[in-house]
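The residues making up each chain are set out below.
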Amino acid sequence: MSYEFLVATAIGVLVAGGIYLALRARTFQVVLGLTLISYAVNLFLFASGRLVLGRPPIWDKAVSQYTDPLPQALVLTAIVITFGMTAFVVILSLRSFLETGSDHVDGDTVPCDTQDGLGAADGEGAER
Amino acid sequence: MIFADHLPILPVAIPALAAPVALLSMRRRRALAVGIGFAACLAQLAVAIVLMTRVSGGEILVYRLGDWPAPFGIVLVADRLAALMLVLTALLALIALLHAVVTRTDRKGWHFHPLFMFQLMGLNGAFLTGDLFNLFVFFEVLLIASYGLMLHGQGPARLKAGVQYVVVNLVGSALFLIVLGLLYALTGTLNMADMGLRVREVAAEDQGLLRIAGLLLASVFALKAAVVPLHLWLPRTYAAATPAVAALFAIMTKVGVYSLIRVVPQVFGEGAGAAEWVPAPWLFPAALVSACIGFAGVFTARAMSEQAAYAIIGSTGTLLIAVAGWSEASLGAGLYYLVHSTLAGAALFLVADVVARRRGSFGDTASPGPEFIGRGTVALMFMAAAIAATGLPPLSGFIGKLLILQSAAMLPNWGWAWGVILCTTFIAVIGFARVGSALFWKTAEDCAVPAAPGTSLDFAAPALALLCLAALAAGAGGASAYAEATAAQVLAPAQTAAAVLTEGAK
């Protein structure tokens, strides 16, 4: 198995898990899903400069091959932005849960609360 | 470099400087924060108009950030399209800010003015940048500010809609980053002009990847523009947001349309191999369905703000029908309609707020309510806004739709375009007439007249928006000529590329 195959599979698994979780009905799972997707995206951006092993990232007269430094700068920007956004969406969904007493993304009091056996937890939220 | 050479950076720098000053003065000196907000908006409008006069002859101003040469450093590119969007943003910002201050909605939270300025910074930057990754960064700036503005005033309904809005846009941003990674891996550049040249040299085995990148990028912009089937986040978000903020958000969907107009001819235009005009066959049907669903929503909406949100979807659809022709005439007509539909959407949100403020507990729901103060004047305003949004004479919507129909007649599938635009106009007329008659003709039995709102100055902002529409109709000759020249410039990416790469490399 090559290095490329390993990285590609890791990104694929992260995206698949992220999409599954992002499609769930409760905000906590959605936030986890978004986090997984952002990890996958960061890895993907990092790999977009091609996977090169044991090469210098900046100019050196002695060598003819380099790793591309630009994707590393891009991924740094992307990490900062997604980190900030994840923190924001966590606080927002917590606030929304405390104000409305439900952590469903659709915002309705959905009957599946009782099916999940989580009705009691939601009741507590509503009382607060 | 003399001062005039720094003109293209000012639309980004002014709000970036005004925001922290407004933040500092917010708690102790409210009036100062408000003053800074207005001063910054007026300054942006002045700069945008000066920029527009400088580029209207066809000149392309290239501004190198940090003086790095073009394909390596980031450049700002001020051409006709960028200047047009800057003027529109500054005008809309002034109207929205006026309404927020007059109705005192800016006092419902501490950070309205700084967030408003950061929103403008993101919008202006997105319109000016010539670098694809920088476009992503400015998208994030405007989105982060818009999350704060959308939640301004808070309350359960707003928070719930806010969670959906944020989640949808985070997924959109993740997709955008994936596209940037793909395009960088394929072309080795992020400068749009340079990328447009380098996509021609992409190897044969990578053509499929290039096609995927083009389609994904178009989907990201379609998500921002709320094109069906990616429109579901919009109605709830816009109806839940504070009306002054919703009025400003009228330009947010246009950012998506702008990005399509900017990127598709430049990067995926003639000679781009398998990705040549790759979003074009998908865009036209999506635009038709958007127009239908948007104006059907206008017909079925239960409240005025919801109706305004659906009108935004419908007008974006109509606009994209014109854009999807990718010809000089149709794109020019689309750009004229873009300016019109942004102002008309904002006017609808503002009139809805004026009604809601006068009807007490009835709000802006489309049901008969009490006889309220100033009903006749408000009814006239609603009629004018509805005329603008549907595209009836004498306001500029009529001219815009006429131009679109005229240019669509030259396209191969003109029948669909004509049929959809004419039918949706008819449906929208009925929808607005239904809501208008329920609100302004019928009166509910035995309910008390609600108290007068704190101020009757809240007529000012919607009146200003309607005045702009009237001016756009009166000056239609000049405006449509400018729009057509803009379209010609957008569809000649080789000239832009030459200007960016030679000017920027000096």
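Residues numbered from 1 in each chain as written. Chains lettered and ligands numbered in written order. Predicted model: local features only at pLDDT ≥ 70, side-chain atom pairs only at ≥ 80, totals over all residues.

Trainee: Would you explain the overall build of chain A in this entry?
Mentor: Counting secondary structure elements, chain A contains five helices and zero strands. The N-to-C order of helical and strand elements in chain A reads α-α-α-α-α. Counting across all 128 residues of chain A, residues that qualify as buried make up 29%. Taking the contacts inside chain A whose residues are at least 6 apart along the sequence as the reference set, 50% of them involve residues at least 24 apart. (Helix = DSSP H or I, 4+ residues; strand = E, 2+ residues; numbered from the N terminus. Buried ≥ 20, exposed ≤ 12 C-beta atoms within 10 Å, placed from the backbone. Contact = placed C-beta atoms within 7 Å.)

Trainee: I would appreciate a short explanation of the overall build of chain B in the present structure.
Mentor: From N to C terminus, chain B includes 20 helices and two strands. Taking 506 residues into account, the globule formula puts the C-alpha radius of gyration at 23 Å, and chain B, at 22 Å, falls close to it. If one aligns the C-alpha atoms of chain B with their principal axes, the spans along those axes are about 75 × 60 × 40 Å. Put simply, chain B has 506 residues, and 59% of those count as buried. Within chain B, residue pairs in contact and separated by at least 24 positions form 80% of the contacts whose partners lie at least 6 positions apart. (Rg over C-alpha atoms; globule rule 2.2 N^0.38 Å.)

Trainee: Got a minute to help me understand the interface of chain B and chain A in this structure?
Mentor: When the parts of a complex come together, some accessible area is lost, and that lost area is often used as the size of the interface. Listed per partner, the contact involves 20 residues of chain B and 26 residues of chain A. Among the elements of the structure, helix H5 (132-150) and helix H6 (156-187) of chain B are those that each provide at least two residues to the side of chain B that touches chain A. Per-element tally for the side of chain B that touches chain A: the top contributor is H6(B), with 16 residues. Tallied by class, residues from the side of chain B that touches chain A come to 15 nonpolar, three polar and two charged. (Nonpolar A, V, L, I, M, F, W, Y, C, P; charged D, E, K, R; others polar.)

Trainee: Whenever I open this one, helix H14 (residues 328-358) of chain B confuses me. Can you help?
Mentor: Because an α-helix completes one turn every 3.6 residues, residues spaced three or four positions apart along the sequence face the same direction. Residue and element names in this part refer to chain B. If you check H14, its first and last C-alpha atoms are 46 Å apart, about what 31 residues at 1.5 Å a residue would give, namely 45 Å. Most of H14 is tucked away, with 29 of its 31 residues classed as buried. With its phi angle positive at about 60°, glycine 360 sits one or two positions after the end of H14. (Expected span 1.5 Å × (residues − 1).)

Trainee: Would you take a moment to explain the nonpolar core for this structure?
Mentor: Across soluble globular proteins, nonpolar side chains show a tendency to be buried alongside one another. All names here are of chain B. Leu92, Ile321, Ala346, Ala347 and Ala385 are the most contacted members of the largest nonpolar core, which totals 224 residues. By residue number, the principal contributor to this core is H14, which donates 19 residues. Discounting chain neighbours no more than four positions away, the residues touching alanine 385 are Ala344, Ala347, Leu348, Val351, Pro462 and Leu466. (Core = buried A, V, L, I, M, F, W, Y, C linked by C-beta atoms within 7 Å.)

Trainee: Can you help me understand the packing of H14(B) against helix H18 (residues 460-474) of chain B in this one?
Mentor: Two measures define how a pair of helices packs: the angle their axes make with one another and the distance between the axes. All names here are of chain B. Relative orientation of the contacting elements H14 and H18 amounts to 155°, with a least axis distance of 8 Å. Accordingly, the angle class assigned to the pair H14 and H18 is roughly antiparallel. With respect to the hand of their crossing, H14 and H18 are arranged in left-handed fashion. Together, Val339, His340, Leu343, Ala344, Ala346, Ala347, Leu350, Val351 and Val354 of H14 and Ala461, Pro462, Ala465, Leu466, Cys468, Leu469 and Leu472 of H18 make up the contact between the two elements. (Axes fitted to C-alpha atoms, helices over the stretch in contact; angles between N-to-C directions. Parallel < 35°, antiparallel > 145°, perpendicular 65-115°, else oblique. Left-handed = near helix turned anticlockwise from the far one by under 90°.)

Trainee: Before we go on, may I ask you to explain helix H3 (residues 80-102) of chain B in this structure?
Mentor: Residue and element names in this part refer to chain B. A rise of 1.5 Å per residue sets the reference length of H3, with its 23 residues, at 33 Å; its end C-alpha atoms lie 33 Å apart and thus fit the reference within 8%. With 20 of 23 residues buried, H3 is to be regarded as a mostly interior element. One or two steps after H3, the chain reaches arginine 104, where phi turns positive at roughly 60°.

Trainee: Can you help me understand the confidence of the model for chain B in this one?
Mentor: Interpreting fine coordinate detail is not advised for predicted regions of low pLDDT. Mean pLDDT for chain B: 90, with 99% of residues reaching 70 or above. Both scores are given for the predicted complex: the pTM is 0.92, the ipTM 0.86. (pLDDT = per-residue confidence, 0-100.)

Trainee: What is the right way to read unusual backbone geometry from this model?
Mentor: Note: most residues except glycine have negative phi, and most peptide bonds are trans. Residue and element names in this part refer to chain B. Here the amide bond leading from valine 228 into proline 229 is cis, since omega sits at 10°, within 30 degrees of zero. Residue position: proline 229 is located in the loop between helix H8 (207-225) and helix H9 (234-240). Residue arginine 104 is not a glycine yet carries a positive backbone phi of 60°. Positionally, arginine 104 belongs in the loop between H3 and helix H4 (112-128). Of note in this structure, alanine 226 is not a glycine but carries a positive phi near 60°. Relative to the assigned elements, alanine 226 resides in the loop between H8 and H9.

Trainee: What's the story with the environment of Pro156(B) in this structure? I'm lost.
Mentor: Here Pro156(B) is to be found in helix H6. For the pair Pro156(B) and Ala240(B), spaced 84 residues apart in sequence, the C-alpha to C-alpha distance is 9.9 Å. In this structure Pro156(B) touches Glu99(A) and Thr100(A), once residues within four positions along its chain are discounted.

Trainee: Sorry if this is basic, but what is going on with the confidence of the model for chain A here?
Mentor: Residues and elements named next belong to chain A. Of the residues in chain A, 82% reach a pLDDT of 70 or more, and the chain-wide mean stands at 81. Per-element averaging of pLDDT across chain A places helix H5 (residues 119-127) at the bottom with 42 and helix H1 (residues 3-22) at the top with 93. Scored below 50 in pLDDT, residues 117-128 shows eleven contacts in the model against residues more than four places distant or in partner chains.

Trainee: What exactly am I supposed to notice about the environment of Thr82(A) here?
Mentor: In this fold, Thr82(A) is placed in helix H3 (residues 70-100). Through-space distance from the C-alpha of Thr82(A) to that of Val41(A) is 10.0 Å; in sequence the pair is 41 residues apart.

Trainee: How do you make sense of the packing of helix H12 (residues 280-300) of chain B against helix H13 (residues 304-323) of chain B when you look at a structure like this?
Mentor: All names here are of chain B. Where H12 meets H13, the closest approach of the two axes is 7 Å, and the angle between their N-to-C directions is 155°. The orientation of H12 relative to H13 falls into the category roughly antiparallel. In this structure, the crossing between H12 and H13 has a hand that is left-handed. Of the residues in H13, those touching H12 at Leu283, Ala287, Leu288, Ser290, Ala291, Ile293, Gly294, Phe295, Gly297 and Val298 are Gln307, Tyr310, Ala311, Ile313, Gly314, Thr316, Gly317, Thr318, Leu320 and Ile321. Of the residues in the contact of H12 with H13, the class split is twelve nonpolar, eight polar and no charged.

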